[in-house]
Amino acid sequence: MKTINSTGVSSGIAIGTIKVLDTAEHAIERRAIDNPEEEVARFRTAQNTACDQLKALRDKTAAELGEGKAELFDAHQLMLRDPDYVESIEDLISGNKVNAEFAVNSTAEQFAAMFEAMDNSYMQARAADIKDISKRLISILEGKSDANGANGDNPYIIFAEDLAPSETVQLDRSKVLGFVTAKGSSNSHTAILARTMGLPAIIGIADALDPQDDGKLAVVDGTAGLVFIEPDEPTLAEYRAKKKQYEDHLRLLQELKGKPTETSEGQKVRLYANIGRPSDVASVLANDAEGIGLFRSEFLYLESEDFPTEEFQFEAYKEVAQKMGDRLVVIRTLDIGADKQVGYFGLEHEDNPALGYRAIRICLTRPEIFKVQLRALLRASVYGNIAIMLPMITSVQEVHDAKAILESVKDELRAEDKPLNENIEVGIMIETPASVIMADELAAEVDFFSIGTNDLTQYTLACDRQNPNLGRFADTHSPAILRMIRTVTEAAHRHGIWCGICGELGADLTLTEEFLNIGLDELSVSPTSVLPLREEIRKR
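As the structure is a computational prediction, the values presented were derived from the model and not from experiment.

## Overview of the sheet that holds strand E13 (residues 425-430)
- Strands sit in the order E9-E10-E11-E12-E13-E14-E15-E16 around a closed barrel of eight strands; the barrel is parallel. Averaged over all neighbouring strand pairs, the angle between strand axes comes to 30°, with direction disregarded.
- Pairing analysis gives three bridges linking strand E10 (residues 292-296) to strand E11 (residues 328-332), with the strands arranged parallel. Bridging across to E11, Phe-295 finds its partner in Ile-331.
- Helix H13 (residues 367-380) rests against E11 and strand E12 (385-390) of the sheet, and its axis sits at about 155° to E12.

## A few points about the packing of helix H17 (residues 453-461) against helix H18 (residues 479-494)
- Viewed as axis vectors pointing N to C, H17 and H18 meet at an angle of 125°, and their least axial separation amounts to 10 Å. The orientation of H17 with respect to H18, classified from their angle, is oblique. The way H17 lies across H18 gives a crossing that is right-handed. Here H17 contributes Thr-453, Leu-456, Thr-457, Thr-460 and Leu-461 to the contact with H18, which in turn contributes Ala-480, Ile-481, Met-484 and Ile-485.
- Among the residues making up the contact of H17 with H18, the classes are represented as six nonpolar, three polar and no charged.

## So, the nonpolar core
- Within the largest apolar cluster, 85 residues are counted, with the highest numbers of intra-cluster contacts made by Phe-449, Ile-485 and Phe-515.
- Grouped together as the second largest cluster of nonpolar side chains are 33 residues, Cys-51, Ile-93, Ala-108 and Ala-127 included.

## With respect to the packing of aromatic side chains
- All chains considered together, the criterion is met by seven aromatic pairs.
- When the ring of Phe-314 is compared with that of Tyr-383, the centres are 6.0 Å apart and the planes differ by 65°; the resulting orientation is edge-to-face. Placement of Phe-314 in helix H11 (residues 310-324) and of Tyr-383 in the loop between H13 and E12 is noted, with a sequence separation of 69 residues between them.
- We classify Tyr-383 as partly exposed; its relative accessible area is 35%.
- In this structure, Lys-318 is placed above the aromatic ring of Tyr-383, and the distance from its NZ or CZ to the ring centre is 4.6 Å.
- Sitting over the face of the ring of Phe-314, Arg-379 holds its NZ or CZ atom 4.0 Å from the ring centroid.

Each value, and the rule that gives it
Residues numbered from 1 in each chain as written. Predicted model: local features only at pLDDT ≥ 70, side-chain atom pairs only at ≥ 80, totals over all residues. Heavy atoms only, no water. Pairing = 2+ DSSP bridges. Helix = DSSP H or I, 4+ residues; strand = E, 2+ residues; numbered from the N terminus. Axes fitted to C-alpha atoms, helices over the stretch in contact; angles between N-to-C directions. Contact = heavy atoms within 4.5 Å. Parallel < 35°, antiparallel > 145°, perpendicular 65-115°, else oblique. Left-handed = near helix turned anticlockwise from the far one by under 90°. Nonpolar A, V, L, I, M, F, W, Y, C, P; charged D, E, K, R; others polar. Core = buried A, V, L, I, M, F, W, Y, C linked by side-chain atoms within 4.5 Å. Buried < 20%, exposed > 50% of the residue type's maximum accessible area, 1.4 Å probe, protein only. Phe/Tyr/Trp six-rings, centres within 6.5 Å; stacked < 30°, edge-to-face > 60°. Lys NZ or Arg CZ within 6 Å of the ring centre and 35° of its normal.

Rendered as structure tokens:
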């Protein structure tokens with residue numbers, strides 16, 4: 001039995017087979033071959049296998065998410081059969097007498113560089129597609145399983161170097177039991193996804209990540225931060241009992257459904273949920289959240305191969321609004337940038353992207369993108385109780401500029417006789433020291449505040465939220481952070497608007513009493529954190 005002690009970022013216990021995702025790049029060996037004809041045949045067999053995998057993924061995606069989402073896999077199949085791509089690989093094999101893996105990798109690098117050099121952002125994004133299909137081919141040629149990390153019909157625990165947001169959104173959530181990563185932080189999107197899904201997750205196992213563990217049995221304790229690989233019988237029996245106890249407690253929490261979120265003295269708090277896609281609403285409703293305090297709309301962009309259309313976004317927002325009925329749905333406008341990169345945006349490389357071109361800064365300087373989203377939001381607003389939230393605000397002028405664009409979009413829709421909620425609420429995220437200092441002035445301009453504690457901690461304490469080496473310094477319980485939360489809440493109340501938290505800190509049960517004392521009006525947390533938080537509030 002191998003034991004790994006690291007950092008748990010999402011509670012719970014998982015027992016299952018390890019699936020090691022090959023997310024790290026590795027050198028492709030160049031080997032001389034004696035029979036080019038046989039090597040070309042080996043490449044063609046791998047090509048057919050890759051196409052079969054993509055067809056299966058295409059059919060599954062179409063059935064679960066619709067034809068629109070399945071088009072990516074159609075495009076990848078066409079790329080695999082592209083005459084220029086195939087000819088380049090086969091010429092390298094035949095002319096240079098090299099192995100197929102090396103020929104595929106060399107062709108991928110050549111074609112990707114060609115696409116990346118183009119001025120058109122759409123064509124630049126095709127570089128990622130070439131790399132993707134080539135990685136799939138190489139994986140098959142090397143005798144590995146499906147490059148997408150599939151594990152047949154059996155559920156599995158994902159072990160990976162790290163997972164980017166664009167990778168996590170493609171996972172088959174029905175098969176994942178938990179996450180273990182070598183890198184990452186408690187505020188990484190892998191951790192946030194795990195908490196949203198209610199799955200145990202552990203980060204920072206570093207060199208303990210071993211590809212040879214693929215297929216082995218593991219126990220993951222996300223609460224204690226422990227991993228047991230090939231556990232002995234006493235350990236396995238102990239954790240089966242703990243898992244049952246944990247699940248029994250979750251069932252007891254179901255009795256809190258329908259009960260008010262208030263203390264014994266009658267102090268009420270609105271308890272909302274954070275989501276990343278329309279399908280997450282099922283978990284919101286199952287856990288009896290009173291609304292949605294943060295819909296991370298950027299995940300609609302991360303899941304798309306090109307800018308999502310107005311109609312696509314409208315249908316997504318409408319679906320969520322209708323399912324939530326009268327309950328509030330706060331939709332954050334596009335928050336791309338920093339660790340959430342999308343190829344087709346054509347963003348330049350930044351040495352410090354967290355302090356760079358992101359979120360509202362993109363929206364205000366590329367209004368053609370912002371307007372498409374605002375049109376979709378306003379059109380969907382008549383189907384439910386939608387509010388708009390602007391991220392990364394640092395000044396009153398940014399609010400004025402954003403609201404001016406919003407008003408211009410309202411004018412467009414009125415001219416087209418398209419219905420909209422004329423009184424839609426507009427709020428902002430408080431996630432920079434500047435917005436805290438300017439809280440009184442900002443409160444006079446908006447309908448609500450929502451404190452993004454993940455970024456507020458990062459910017460206040462000068463600690464990169466993605467850097468696992470800063471764990472001891474990125475103290476979310478810092479008096480500076482708590483004082484800022486109190487300052488913002490008091491400013492909001494002076495101006496008659498509500499104030500909540502939508503960052504991960506809202507679910508920290510050790511701070512619940514502090515948040516009640518501060519007088520926060522709302523806490524928005526991952527859906528699976530709703531009932532435990534309600535239980536904690538009702539104890540007070």
